[in-house]
Amino acid sequence: MATPAQWLAGARPRTLPAAVVPVAVGTGTAIAEDGAIWWRALVALLVALALQVGVNYANDYSDGIRGTDTDRVGPVRLVGSGAAGPSSVLAAALLCFLAAAVAGLTLVMATGAWWLLLVGLAAILAAWFYTGGSRPYGYRALGEISVFVFFGLVAVAGTTYVQVERLGWLSLAASVPVGLLACALLVVNNLRDIATDGTSGKRTLAVVLGDTRTRALYTAGLILPFVIALALVPVRPFVALTLVALPLVVAPVRTVRSGATGPSLIATLQQTGRLQLAFGALFTLGLAL
């Protein structure tokens, strides 16, 4: 039976910035539009966190029963390592999805926007079929697209919408750099696993692009968010504050461009998460001021 520490590790806490940052940025946009409602922002955060942890457990379960986590380089996986049984990890994933659904229903009832149910259902299905089902799209180089859509566009614009009850161009524009940084987390994770994923038949985008182009994609994913933020300066001048986080790009890019592989990229994943948090906090502040 897995210990609490192993369950925590299985939730992959280092990926949680991908859930926190879009809600923060969406709330910053809501403040810019004079419509922030804090309890709705907190519920949106619960939805995002539950989905993130849910997809992590679902990924652990699906990869574990397929045997693609047997020779992992990164942190331990519950099913792949034998620390927890598949049924227990599946139950944890479904419980997280249920929590996300209940919290999301609260926001649907508060806004009266019943079409949000379809958005929520799409998010849960995307979380499950990333590595679940007979034809998981995460094995077909589509994971980054899904992350950009759901942890960028949907999460940022959705957080703004449930507070101001309208969609504006600013929330959509603000979602782009957030989505790119979320994708960068997945790209460096898949770069680390490119050798084992390739031999196990898991065709991630990194496997399809190859080593060199994946490293270029990761670099672009860290630099472009700053370019987009600067493009918003004419309408929200304080988003220039994001430049304070620019030095955090240097270390992970240097490591990736140097050709680091395997365990050497674990620290890069952590650095990417820190950059995402720093950029997100400064971007949120800049939007709100």
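Residues numbered from 1 in each chain as written. Predicted model: local features only at pLDDT ≥ 70, side-chain atom pairs only at ≥ 80, totals over all residues. Heavy atoms only, no water.

Visitor: Before we move on, can you summarise the overall build of the chain with the specific residues and values?
Guide: When helices and strands are counted, the chain shows 13 helices and 0 strands. Tracing the chain from N to C terminus, the helices and strands come up as α-α-α-α-α-α-α-α-α-α-α-α-α. Here the C-alpha atoms of the chain give a radius of gyration of 18 Å, agreeing with the 19 Å that 2.2 N^0.38 yields for 289 residues. The principal-axis extent of the C-alpha atoms belonging to the chain is close to 50 × 45 × 30 Å. The burial tally for the chain puts 52% of its 289 residues in the buried class. Long-range contacts, defined as pairs at least 24 residues apart, comprise 77% of the intrachain contacts of the chain with a sequence gap of at least 6. Accessible surface, the chain: about 12200 Å² in total, of which carbon and sulfur atoms supply 72%. In the chain, the 18 positive side-chain charges and the 11 negative ones have mean positions that sit 4 Å from each other. (Helix = DSSP H or I, 4+ residues; strand = E, 2+ residues; numbered from the N terminus. Rg over C-alpha atoms; globule rule 2.2 N^0.38 Å. Buried < 20%, exposed > 50% of the residue type's maximum accessible area, 1.4 Å probe, protein only. Contact = heavy atoms within 4.5 Å. Areas by Shrake-Rupley, 256 points an atom, 1.4 Å probe, with all protein chains shown as cover. Lys, Arg positive; Asp, Glu negative; His and termini not counted. Charge placed at Lys NZ, Arg CZ, Asp CG, Glu CD.)

Visitor: Which residues make up the packing of aromatic side chains, and what values go with them?
Guide: Taken as a whole and assessed by the stated rule, the structure comprises 6 aromatic pairs. On the numbers, 5.6 Å between centres and 75° between planes, the contact of Trp7 with Tyr57 is edge-to-face. With Trp7 in helix 1 (residues 4-10) and Tyr57 in helix 3 (residues 38-66), this pair connects stretches of sequence that are 50 residues apart. Exposure remark for Tyr57: the relative accessible area of 8% places this residue in the buried category. (Phe/Tyr/Trp six-rings, centres within 6.5 Å; stacked < 30°, edge-to-face > 60°.)

Visitor: Mind laying out helix 3, listing which residues take part and the relevant values?
Guide: Between the first and last C-alpha of helix 3 there are 42 Å, a value that for 29 residues agrees with the 42 Å anticipated at 1.5 Å per step. Of all 29 residues that make up helix 3, 21 are buried, and the element is covered over most of its length. Once helix 3 finishes, Gly67 follows within two positions and takes phi at roughly 85°, a positive value. (Expected span 1.5 Å × (residues − 1).)

Visitor: Now, about a nonpolar patch on the surface: what can you tell me, with residues and values included?
Guide: On the surface, a cluster of nonpolar side chains totalling about 430 Å² of accessible area is made up of Leu105, Met109, Trp114 and Leu117. Tracing the sequence through the fold places Leu105 in helix 5 (residues 86-111). (Patch = residues over 30% accessible without salt bridge, like charges linked within 9 Å, V, L, I, M, F, W, Y side chains within 5 Å. Salt bridge = Lys/Arg side-chain N within 4 Å of Asp/Glu carboxyl O.)

Visitor: Hey, could you go over the UniProt feature "transmembrane region" (unreviewed entry) in the chain for me, with residue numbers and the actual values?
Guide: Under the UniProt annotation, "transmembrane region" (unreviewed entry) lies at residues 37-58, 78-107, 113-130, 142-162, 168-191 and 212-232. End C-alpha atoms of residues 142-162 are separated by 28 Å, and the span's content is 95% helix alongside 0% strand. (UniProt positions renumbered as here; feature names shortened; annotations may be inferred.)

Visitor: Tell me about the side chain of Thr284, and name the residues and values.
Guide: Note on placement: Thr284 falls in helix 13 (residues 266-288). A polar contact is formed between the side chain of Thr284 and the backbone nitrogen of Val25, at a distance of 3.3 Å. Polar side-chain contacts of Thr284 include one of 2.7 Å to the backbone oxygen of Gly280. Setting aside residues no more than four positions away along its own chain, Thr284 makes contact with Ala24, Val25 and Gly28. (Polar contact = N/O pair within 3.5 Å; in protein donor to acceptor, adjacent residues only side chain to side chain.)

Visitor: An account of the pattern of salt bridges is needed here, citing residue identities and associated values.
Guide: Tallying each qualifying case throughout the model produces 5 salt bridges. With its nearest N and O atoms 3.7 Å apart, the salt bridge here joins Arg166 to Glu33. With Arg166 in the loop between helix 7 (143-164) and helix 8 (169-192) and Glu33 in the loop between helix 2 (17-32) and helix 3, this pair connects stretches of sequence that are 133 residues apart. Residue class for Arg166 comes out partly exposed when judged on its relative accessible area of 42%. Across the salt bridge formed by Asp193 and Arg192, the nearest N and O atoms sit 3.0 Å from each other. The same class applies to Asp193 as to Arg192, namely buried.

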